[in-house]
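Observations on the three-dimensional arrangement
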Amino acid sequence: MRIFTVDSFTDQAFKGNPAAVCLLESPRSDEWMQSLASEMRHSETAFVLEQEEGRPYSLRWFTPAAEVALCGHATLASAHVLYSIGAASDSIEFSTKSGILTTRKLDHNHISMDFPAIPVADISPPEALGKALGASPTWVGMGRFDILAELDSEDAVRELTPDINALASLPARAVCVTARAADPSGEADYVSRVFAPAVGIPEDPVTGSAHCMLAPYWTAKLGPASLVGAQLSQRGGTVHTTVQDDRVALAGQAITIWSGHLHV
């Protein structure tokens, strides 16, 4: 089986979010896929299986510790691999635990992904949240998977040094912190960081699924349907978002770092 490492949401090697992409030749057990994801040690390993002609590719995502129901950067990486090897040239449909996800090629080496928008409900902050973050959010909400916490500035997001062990005890897949970008004339409209120790990821470099929540949240606050999010992890990355009713188009670039063959 062919396997790749791809840096997603970036046009520079060793930036963005790395994902492994395994092109399965036949179905594999959950245990086997989880073991390979643990071996690869990326925040996500994507498993792509070609189905009968006319049916979508099967796509599943595993962290080193668990399977997840939605992952943006590994979907981008999977589409990038299929386009790169000539297996697809226009739109690609993936059958996933979050329904059918469609990708398509754009200009300037960007790939757009059609994802479900994730609404965020206002909640009372969990008692341990502020202490775990080491900051006092100005607003807290809950999406399908993750807690969303808005801070008062980009600098507050950038300088955050949370207690990762304490975050792991919160009732959510991850905690996403966000703020409006400091420079309104810059490329980014909003910034974020995502911490997901509950699924084996202390801090995710760039998180596509979180932008399914961030995009409608910031569109409601700022107005434009199309915005740009910058994730302020050490590696960094950029996600272009467009809200379309109950869907979000996520767009970004990707670059293959290496490819090879599995011997097991």
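The coordinates are above.
It should be emphasised that the depicted structure is a prediction, and the values quoted were computed from it without experimental measurement.

Criteria and cut-off values
Residues numbered from 1 in each chain as written. Predicted model: local features only at pLDDT ≥ 70, side-chain atom pairs only at ≥ 80, totals over all residues. Heavy atoms only, no water. 1 Å grid on protein atoms, 1.4 Å probe; cavity = no way out; pocket = protein on both sides within 12 Å on 5 of 7 lines; lining within 4 Å. Points joined across faces, edges and corners; volume = space filled by probe spheres on them. Helix = DSSP H or I, 4+ residues; strand = E, 2+ residues; numbered from the N terminus. Nonpolar A, V, L, I, M, F, W, Y, C, P; charged D, E, K, R; others polar. Buried < 20%, exposed > 50% of the residue type's maximum accessible area, 1.4 Å probe, protein only. Pairing = 2+ DSSP bridges. Salt bridge = Lys/Arg side-chain N within 4 Å of Asp/Glu carboxyl O.

Attention now moves to empty space enclosed by the protein. Enumeration over the complete set of coordinates arrives at one cavity of 30 Å³ or more. Within this model, the largest cavity holds a volume of roughly 120 Å³. Along its surface, the largest cavity is lined by 18 residues, and Glu44, Arg173, Asp204, Thr207 and Ser209 are the ones closest to its centre. Secondary-structure elements contributing two or more residues to the lining of the largest cavity are α2 (72–84), β13 (190–196), β14 (201–204) and α6 (208–222). The residue makeup of the lining of the largest cavity, split by class, is nine nonpolar, five polar and four charged.

By the alternation rule, side chains of strand β16 (residues 237–244) split into Gly237, Val239, Thr241 and Val243, which are all buried, and Thr238, His240, Thr242 and Gln244, of which none is buried. Both strand β15 (residues 226–231) and β16 contribute to a ladder of six bridges, which runs antiparallel. Residue pairing for β16: Gly229 is matched across the bridge by Val239. The hairpin formed by β15 and β16 contains five residues between the paired strands, and Gly236 there has a positive phi angle of roughly 75°. Judged from the five bridges that link them, β16 and strand β17 (residues 247–252) form a sheet pairing that is antiparallel. Along β17, the bridge assignment pairs Gln244 with Arg247. Counted between consecutive antiparallel strands, the loop separating β16 from β17 contains two residues, among which Asp245 sits at a positive phi close to 55°.

Let us now look at the pattern of salt bridges. Scanning the entire structure with this criterion turns up nine salt bridges. For Glu67, the salt bridge identified is with Arg60, shortest N-O distance 2.8 Å. As a salt-bridge pair, Lys221 and Glu150 come within 3.3 Å of each other at their nearest N and O atoms. Placement of Lys221 in helix α6 and of Glu150 in strand β11 (residues 147–150) is noted, with a sequence separation of 71 residues between them. Looking at Lys221, the relative accessible area reads 46%, which means it is partly exposed. Shared partners join several salt bridges into a network, and the residues in it are Asp30, Arg60 and Glu67.

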